[in-house]
Amino acid sequence: FNNYFFAKACWDSSLNVAAGISRYCRDYYPAQASAVNNIFNSLFTEFQPAPYVIPEPGRISRLDSIRMSGRAMLAKLDGLLQISRDTIEALRLRRIKTYIEFSSLYAEAFQSGKKAGLEKLVNYSADHPDQDMVLMYPGYIRWRLEEYLNQ
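Reading the values: rules and limits
- Residues numbered from 1 in each chain as written.
- Predicted model: local features only at pLDDT ≥ 70, side-chain atom pairs only at ≥ 80, totals over all residues.
- Heavy atoms only, no water.
- Helix = DSSP H or I, 4+ residues; strand = E, 2+ residues; numbered from the N terminus.
- Contact = heavy atoms within 4.5 Å.
- Polar contact = N/O pair within 3.5 Å; in protein donor to acceptor, adjacent residues only side chain to side chain.
- 1 Å grid on protein atoms, 1.4 Å probe; cavity = no way out; pocket = protein on both sides within 12 Å on 5 of 7 lines; lining within 4 Å.
- Points joined across faces, edges and corners; volume = space filled by probe spheres on them.
- Salt bridge = Lys/Arg side-chain N within 4 Å of Asp/Glu carboxyl O.
- Expected span 1.5 Å × (residues − 1).
- Buried < 20%, exposed > 50% of the residue type's maximum accessible area, 1.4 Å probe, protein only.
- Core = buried A, V, L, I, M, F, W, Y, C linked by side-chain atoms within 4.5 Å.

> How should the environment of K97 be read in this particular structure?
Mapping K97 onto the fold places it in helix α5 (residues 87-112). Note: C-alpha distance between K97 and Q32 (65 residues apart in sequence) is 15 Å. When sequence neighbours within four positions are dropped, the list of residues in contact with K97 reads L74, L77, D78 and L81.

This is the structure we're talking about:
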């Protein structure tokens, strides 16, 4: 998804992001385009609103927003996965779900600053090897984040 929009933005300085997201959803999630478009809009406006910042200790309101919007999007995705009849579309829906689950754990980990949060991130990645298109590798997660999550 990021590569798709990055490539578009590199060549089209007048890229209409909302129209691009709608087109992306129609192309990649044809049976569920409207619902997935709503999920992406929630992702960008509620779950990770601009400007994106790493949740910091003491900013509970930001974490509460992530929790609430994350739960709502995951519930919608679970519903879509139950009715999806296309294996490719279901795989793509699971990738969105993985991204939201991992991002939620990431926010929780940074909110606490504790090593236990790092372990949850590493374990989540290790437990989802089929999602390597979405997740960083467990060893990279540990290497990249251990200096921040060490309490």
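> Got a minute to help me understand the side chain of S69 in this structure?
When you line up the elements, S69 lands in helix α4 (residues 60-83). Among the polar contacts made by the side chain of S69, one reaches the main-chain carbonyl oxygen of I66 at a distance of 3.5 Å. Filtering out sequence-adjacent residues up to four positions away, S69 remains in contact with E46 and F47.

> How should I be thinking about the layout of surface pockets in this particular structure?
To find leftover empty space, one rolls a probe the size of a water molecule over the atoms. Volume-wise, the largest pocket comes out at about 920 Å³. The set of elements that each furnish at least two residues to the lining of the largest pocket consists of α1 (2-11), α2 (17-28), α3 (33-47), α4 and α5.

> Sorry if this is basic, but what is going on with the pattern of salt bridges here?
This model, assessed by the stated rule, comprises four salt bridges. Two residues, E119 and R142, come together in a salt bridge whose shortest N-O distance is 2.7 Å. A residue pair is termed long-range when its members are at least 10 positions apart, and E119 in helix α6 (residues 115-127) and R142 in helix α7 (residues 138-145) qualify at 23 residues. Three or more residues joined by partner-sharing salt bridges are found here, namely D64, R67 and E108.

> Even after reading the chapter, I still don't get α4, so can you show me in this structure?
Given 3.6 residues to a turn, an α-helix orients residues that are three or four positions apart in the same direction. Spanning 24 residues, α4 covers 35 Å between terminal C-alpha atoms, matching the ideal 34 Å at 1.5 Å per step. What α4 keeps buried is the set R62, L63, I66, S69, G70, M73, L74, L77 and L80. As for α4, its buried residues are in contact with α3 and α5.

> Got a minute to help me understand the side chain of N37 in this structure?
Following the sequence through the fold, N37 ends up in helix α3. Given a relative accessible area of 15%, N37 falls into the buried group. Of note is the side chain of N37, whose polar atom sits 3.0 Å from the side chain of S22. Those residues in contact with N37 that lie beyond four places of it in its chain are I21, S22 and C25.

> Is there a simple way to think about the nonpolar core in this case?
Across soluble globular proteins, you tend to see nonpolar side chains buried next to one another. Ranked by size, the top nonpolar core spans 22 residues in total, and within it Y29, V36, F40, I96 and I100 carry the most contacts. Taken together, the elements giving at least two residues each to this core come down to α1, α2, α3, α4 and α5. Ignoring any residue separated from it by four or fewer positions in sequence, one finds Y29 in contact with Y24, V36, F40, E89, R92, L93 and I96. In this structure, Y106, A109, L118 and L135 belong to the second largest nonpolar core, which totals 12 residues.

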